Structure formats: C-alpha cells, structure tokens
Amino acid sequence: MLKQENSDKSFLDCPVAGIKDIIKGKWTTVILYFLSQSTLRFGELNRKMPMVTQAYLTKELRILENYGLIHREVYPQVPPKVEYSLTAMGKKFIPVLDALEKFAIEYEQDNQK
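Note that the coordinates shown come from a computational prediction; the quantities given were computed from them, not determined experimentally. (Residues numbered from 1 in each chain as written. Predicted model: local features only at pLDDT ≥ 70, side-chain atom pairs only at ≥ 80, totals over all residues. Heavy atoms only, no water.)

Points about the pattern of salt bridges
- Tallied over the entire structure, the rule returns two salt bridges.
- In this structure, K81 engages E83 in a salt bridge whose closest nitrogen and oxygen atoms are separated by 3.8 Å.
- For the salt bridge of E106 with K102, the shortest nitrogen-to-oxygen distance reads 4.0 Å. You can see E106 and its partner K102 sitting in helix α5 (residues 94-110), four residues apart, about one turn around the helix.
- On the accessibility criterion, E106 (37% relative accessible area) is partly exposed.
- Residue classification places K102 among the exposed residues on the basis of a relative accessible area of 53%. (Salt bridge = Lys/Arg side-chain N within 4 Å of Asp/Glu carboxyl O. Helix = DSSP H or I, 4+ residues; strand = E, 2+ residues; numbered from the N terminus. Buried < 20%, exposed > 50% of the residue type's maximum accessible area, 1.4 Å probe, protein only.)

Okay, here's the thing in structure tokens:
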C-alpha cells in the first residue's frame, strides 16, 4: 500500500514519475501484456490490436525497445521474420501488469451494478 509520510514531497521526489515517459504510450501496457504471455511477431501483435495502426505500433515497439523492456529479434530470411519478447527488465514489469489486470477485472465487476 502507498504511504503518505511526507506531504511536502514534490513531483521530482515521486519514484513513479521517473517511469512516466516509459509507460505513457496509449498502448504500451497492452503491448507489454501480450508480450508477457508469449513471444510474438509484428503481425501477431497487430492482429491482437486491430485498432492500432502499424505505424503507431512500430513507434511504441521502438520506444519499448529503446527503454530496454522488449527485445527485437530479426531473423535473416526472406521475407524478414521479426519477433518481440520481454527482456529481463520487461519481465520485472509483469507483477505490475498482473496488478493492473486484477484491478481492471474488479473495477469492471464493481461498475456493472
């Protein structure tokens, strides 16, 4: 549970603020969720999220790769084969995804009344 020990703390003291740039993408948590389930090719990810354009998905994947949360494996074949998976750092985010999933399910159940 979050503690409120010092109400004088600012944005700069907030440990969560340090990762806001990493997870600010509209589909970042969804991408990480799917990759936590299995390694996926670009087309597989794209089919799981049909409302996301290929360009935007590519942009978010590149950002996650730059932050070291996902690994992009390119196989030297024709046509090119590219797979995405979580890195060791990305796997450390799985408990956060699990907590978000639990919250989402409980929230939906509570708001169906």
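This is not the end of the story, as more comes after the structure.
With respect to the pairing of strand β3 (residues 81-86)
- With five of six residues buried, β3 is to be regarded as a mostly interior element.
- In textbook terms, the turn of a hairpin is the stretch between consecutive antiparallel strands, and for strand β2 (residues 70-75) and β3 this stretch comprises five residues. (Pairing = 2+ DSSP bridges.)

What to know about the UniProt feature "domain: HTH hxlR-type" (unreviewed entry) in the protein
- Per the UniProt record, the feature "domain: HTH hxlR-type" (unreviewed entry) sits at residues 14-112.
- Helix and strand shares over residues 14-112 are 52% and 14% respectively, and the end C-alpha atoms of the span are 34 Å apart. (UniProt positions renumbered as here; feature names shortened; annotations may be inferred.)

Describing the sheet that holds β2
- If you walk across this open sheet you meet the three strands as β1-β3-β2, and the pairing is antiparallel. Every other strand in the sheet has two partners, leaving β1 (40-41) and β2 as the edge strands with one partner each.
- Across six bridges, β2 lies against β3 in antiparallel orientation. If you follow H71 over to β3, its bridge partner there is S85.

A closer look at the nonpolar core
- Counting 20 residues, the largest nonpolar core has I31, L32, L35, L45 and I70 as its most contacted members.
- Counting residues per element, the ones that place at least two in this core are α1 (28-37), α3 (54-66) and β3.
- Here this core gets four residues from one element, more than from any other, and that element is α1.
- What I31 contacts, discounting residues up to four positions off in sequence, is M49, L57, E60, L61 and L64. (Core = buried A, V, L, I, M, F, W, Y, C linked by side-chain atoms within 4.5 Å. Contact = heavy atoms within 4.5 Å.)

Considering the side chain of S85
- Structurally, S85 is set in strand β3.
- Of the residues examined, S85 reaches a relative accessible area of 17% and is grouped as buried.
- With sequence-adjacent residues up to four places away left out, S85 is seen in contact with L35, T39, L69, I70 and H71.

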